[in-house]
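# Analysis of the macromolecular model
One letter stands for each residue in the lines below.
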Amino acid sequence: MNNTTKSILLAGVGGQGILRASDILSWVMMEAGYDVKKSEVHGMAQRGGCVTSHVRYGEKVYSPIAKKEDVDVLLSFEKMETLRYLDYLKHDGRVIINDVEIYPPSINLGEAEYPKTVFDEARKHVDSIKVVKAEDLAVKAGNVKAANTVMLGVLSGHLNIDVAHWEHVLRNSFPPKLIKVNLDAFNLGRTA
Amino acid sequence: MKQLMSGNQAIARGAYECGVTFASAYPGTPSTEITEEFSKYDGVYAEWSPNEKIALEVGIGAALAGTRAMVVMKHVGVNVAADPLFTVSYTGTNGGLVIITADDPSLHSSQNEQDNRNYAKFAKIPMLEPSDSQEAKEYIKLAFELSEKFDTPVFLRSTTRVSHSKSVVTLEDLVIRDNTTSIQHNRDKYVMVPAKARIRRLEVEKRMNALKQFAETFSENRIELNDPKVGIITAGLCYNYTKDAFPHYSYLKLGMVNPLPVTLIREFASKVEKVYVVEELDPFLEEQIRAMGVDVIGKEIFPFTNEFNPGVVESALTGVPEKSSPEISFPIPQRPPNLCPGCPHRGLFHVLGRLKVFVSGDIGCYTLSFMKPLEGIDATICMGASIGMAHGMNHALKENGKGKVVGVIGDSTFIHSGITSLLNTVYNRSDTVTVICDNRTTAMTGMQDHPATGTTLQGKVTKELDFAALGQALGVEHVRVINPLNLKETRTVMKEELATDGPSLVISRAPCALLQSKTAETIVPLWSDPHKCTGCKLCLSLGCPAISWKRLEDLDFTVEKKTKKQDGIAYIDPTLCNGCTLCQQLCNFEAIQEVQYDE
């Protein structure tokens, strides 16, 4: 009954450019002719806490947040963060993980350890997992800060959206001197 | 033209499109962007007032002068503005007056979860509640029309999810309105002495009765009849959550949540077999609908706390619990927000934590220093409370409290509601040490200007408040200014002032690290020499996100142990380090130095 609304969940850590990435993704979906809603919580985001952004698109979207077991793609910008949101995935949902570790205070203080078996753990619950090193590809494109655009490139390979929409939106989302870096970052992600 | 807009952007756009040219506000998540966005439109006046009470009074004045005025605040801001609120309900307005309250179910960035629909009923003011960005833009226009038609202030209620979600909005052109401003003397209506207020009191009841009639046919109170088995009465984003999970049910969607349309509700209930009320927080609609004699199901199945989502609604209505998180074979470390690298609060609170004093705190980024390892805040209630609480503790503890109680407050927060409390420490003399954490901006809500920054919301240069001169003018004899990024100075001055009789004011001044990163020419990060670091972990006691612990066995190079017990070293991430030098000041082994870049 619940029509054809698709849900993408972007997750990671404040400062990784997740809100910008979800803005771009939403705009692309609007360009592609869909109704779009997206939601996140601002405020504490710049201060190193968890950040999530839900993007939902379809013919008519009601809720800006997805319910559990309703997310088609989990785009995880930080390795360990992936594990917090697995319950949101559909059983045939996909996960794209950026292979980067950002330490929370307890790990910095030496009180906890960064989990070593994140991928094994995720594989227990999800069949389709793709791992990328977005920062490495972003450096290759010319700026480490374009890692979020690399992630969008990887995501684009899993969505059936004309690449022209992506390019149009990317060209209009950055100041002129950063357009090439971001287009390159996007394409490196798309072909990764 | 269509555009993706947040609820906040859409409210600003709607206000602009319907010819609003006046806005006053105090920043507060999730409301802040409404005023910021509005201030950028051509031909409008917008200000950050020192607090929400002043913002409302400014708005009342503008409306009395005949203009359309929008006043914006977060839910707890309405508490501050409550005094004028309850009486402007009596006077009514001249030009339209709309008060936006942005509530925060789930307390994403607030100290409580109060449901401000209660204020609408309490103060006898109509309230509209949009469910997405398009409605937010429409409803702000309807709110101004209602305000002028019924001569009343009107509430527009948003919640975090409406304010911060983005959805597609159709833009329209600006409707240019004639200049409606003038001075009108109408003392019977606007001088609220008892004799006049008693008369206006009756007008309020007449107005609410008229609004009840209006609500029956108001276009945004609408029935969607589908499956007659289940009827849902709801408003705001809960409509979308429920519609997402149960698109085939019948709905009564209320665009106006105060006053309620009694006949329409009874009519809807008569057309469906079972009625559910879906609402976050208080049973505000439910209790009133039950009082109408309509049998509904509500809070016996829905939570009282936290925001909803389609899963919460589905689970409550079907009785099937939501999927629980999958079993992970290890605990996932928590990731709480933290003070930024280079944050000047870190120096101050490191010192306060070590002094073992009771720190009465306030609302701002510095509240985050209550956590390990700083543990530098012991109480937080609301904006401005820190100084009064410290003063009260001082008097209660008498000699036992001497030198042991400090009140800390941010620069913007001090201006908001700390000035009169500081005066109180002088008037009713106590030994309270008040510290203004002056980071030159309203940091937590995203770097808004305030009266001590010397710049207005719309970028005009203005007179800059001098905290030291203000303290002296209030009668504080001990006024000190410190740099919190200098630990020795901070420690010395705090000890001296704690030992002093009578009230003291310490101005702890250094710009916010985020402000600095925008203006500083170059930032020289630090690094820790692994061959000098003894693994004493003193630098880790700062809780800086840039400093982490590396175990010796995990290193890909060999480090000679400086002590038998040493099992690791501190590592500073040069991409995060802001070069504040606090860790360098703490290090007893000269291990921490500036990064020297190769030519």
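Right, let's walk through the structure included here.

Conventions used here
Residues numbered from 1 in each chain as written. Chains lettered and ligands numbered in written order. Predicted model: local features only at pLDDT ≥ 70, side-chain atom pairs only at ≥ 80, totals over all residues. Buried ≥ 20, exposed ≤ 12 C-beta atoms within 10 Å, placed from the backbone. Helix = DSSP H or I, 4+ residues; strand = E, 2+ residues; numbered from the N terminus. Contact = placed C-beta atoms within 7 Å. Nonpolar A, V, L, I, M, F, W, Y, C, P; charged D, E, K, R; others polar. Core = buried A, V, L, I, M, F, W, Y, C linked by C-beta atoms within 7 Å. Pairing = 2+ DSSP bridges. Axes fitted to C-alpha atoms, helices over the stretch in contact; angles between N-to-C directions. Parallel < 35°, antiparallel > 145°, perpendicular 65-115°, else oblique.

### Some words on helix α5 (residues 147-156) of chain A
Residue and element names in this part refer to chain A.
- Burial runs high along α5: nine of the ten residues are buried.
- Looking at α5, one finds that the buried residues are A147, N148, T149, V150, M151, L152, G153, V154 and L155.
- Elements that come into contact with the buried residues of α5 comprise α1 (18-31), β4 (71-76), β5 (89-98), β6 (128-132), α4 (134-141) and α7 (176-190).

### Looking at the interface of chain B and chain A
- With 47 residues of chain B at the contact, the number on the chain A side is 44 residues.
- For the side of chain B that touches chain A, the secondary structure elements donating two or more residues are α8 (160-164), β8 (165-170), α11 (237-245), α14 (310-318) and β20 (547-551) of chain B.
- Split into classes, the residues belonging to the side of chain B that touches chain A amount to 20 nonpolar, 19 polar and eight charged.

### With respect to the nonpolar core
All names here are of chain B.
- If you look at the biggest cluster of nonpolar residues, it comprises 93 residues, and the most contacted ones within it are M70, V98, A143 and I233.
- Broken down by element, this core gets its largest block of residues, seven residues, from helix α7 (residues 133-150).
- Setting aside residues no more than four positions away along its own chain, M70 makes contact with A15, V20, F22, A23, V98 and I100.
- Formed by 64 residues, the second largest nonpolar core is a distinct cluster that contains A385, M444, I507 and C544.

### A short note on the pairing of β8 of chain B
- Looking at chain direction, strand β2 (residues 35-40) of chain A and β8 of chain B are connected through three bridges and run antiparallel. Bridged to K37 of chain A within β8 of chain B is S167 of chain B.

### Considering the packing of helix α3 (residues 52-64) of chain B against helix α5 (residues 82-91) of chain B
Residue and element names in this part refer to chain B.
- At a minimum axis separation of 8 Å, α3 and α5 run at an interaxial angle of 30°. The angle between α3 and α5 places the two elements in the roughly parallel class. Residues K53, L56, E57 and I60 of α3 lie in contact with α5, whose contacting residues are D83, P84, L85 and V88.
- For the contact of α3 with α5, the residue count by class is five nonpolar, no polar and three charged.

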